[in-house]
Amino acid sequence: MKAAIKPSVATPQFRTALLRTLKNNFPSCKPHLESAVGERLAFQLFDADGNARSQLVTINRHTPDTLTRSALSRMIQNAGVTETGFPKELVGR
């Protein structure tokens, strides 16, 4: 019996899917990916003026709901608010 393959957040496929999902769900922000360290990946959202709209958000492992809007919103909110506030897509949620 083969061992189950664990999806990794350090793959190019996951990074591409994450960027696509962030751009679709938070169009007012530009995502910046930090370099992946081991099995971790971090991102931060910036507005058009270059202001940080999220703290650094770290994803340690890929779960079935990692790339959903609700999971990403929860991760951004759990990382904490910045001086310029959350992305406008999160305000009022």
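Everything below is about the structure shown above.
Description of the structure in this document. (Residues numbered from 1 in each chain as written. Predicted model: local features only at pLDDT ≥ 70, side-chain atom pairs only at ≥ 80, totals over all residues. Heavy atoms only, no water.)

It is worth spelling out the packing of aromatic side chains at this point. Across all of its chains, the model carries 0 aromatic pairs by this definition. The cationic tip of R69 hangs over the ring face of F26; the distance from NZ or CZ to the ring centre is 5.5 Å. (Phe/Tyr/Trp six-rings, centres within 6.5 Å; stacked < 30°, edge-to-face > 60°. Lys NZ or Arg CZ within 6 Å of the ring centre and 35° of its normal.)

The next thing to look at is the environment of F86. Mapping F86 onto the fold places it in the segment after helix 2 (69-79). The spatial distance from the C-alpha of F86 to the C-alpha of F46 is 9.8 Å, given a sequence separation of 40 residues. In contact with F86, other than residues within four places in its own chain, are R53, I76, Q77, G80, V81 and V91. (Helix = DSSP H or I, 4+ residues; strand = E, 2+ residues; numbered from the N terminus. Contact = heavy atoms within 4.5 Å.)

Within strand 2 (residues 40-46), 6 of the 7 residues are buried, which leaves it mostly tucked inside the rest of the structure. Pairing analysis gives 3 bridges linking strand 2 to strand 3 (residues 57-59), with the strands arranged antiparallel. Looking at strand 3, one finds that L41 is bridged to I59. (Buried < 20%, exposed > 50% of the residue type's maximum accessible area, 1.4 Å probe, protein only. Pairing = 2+ DSSP bridges.)

Where charged atoms from two side chains of opposite charge approach closely, those side chains can pair. Tallied over the full model, the rule gives 2 salt bridges. For R53, the salt bridge identified is with D47, shortest N-O distance 3.6 Å. In this structure, R74 and D65 form a salt bridge, with 3.6 Å as the shortest nitrogen-oxygen distance. Residue R74 is classed as partly exposed on the basis of its relative accessible area, which comes to 43%. (Salt bridge = Lys/Arg side-chain N within 4 Å of Asp/Glu carboxyl O.)

Moving on: the nonpolar core. Core analysis: the biggest nonpolar cluster contains 14 residues, and L18, L22, F26, F43, L45 and I76 have the highest contact counts within it. Secondary-structure elements contributing two or more residues to this core are helix 1 (12-25), strand 2, strand 3 and helix 2. When sequence neighbours within four positions are dropped, the list of residues in contact with L22 reads P27, P31, F43, L45 and L72. (Core = buried A, V, L, I, M, F, W, Y, C linked by side-chain atoms within 4.5 Å.)

Let's shift gears to the side chain of S73. With respect to the helices and strands, S73 occurs in helix 2. Here S73 falls in the buried class, since its relative accessible area comes to 2%. At a separation of 2.8 Å, a polar atom in the side chain of S73 contacts the main-chain carbonyl oxygen of R69. (Polar contact = N/O pair within 3.5 Å; in protein donor to acceptor, adjacent residues only side chain to side chain.)

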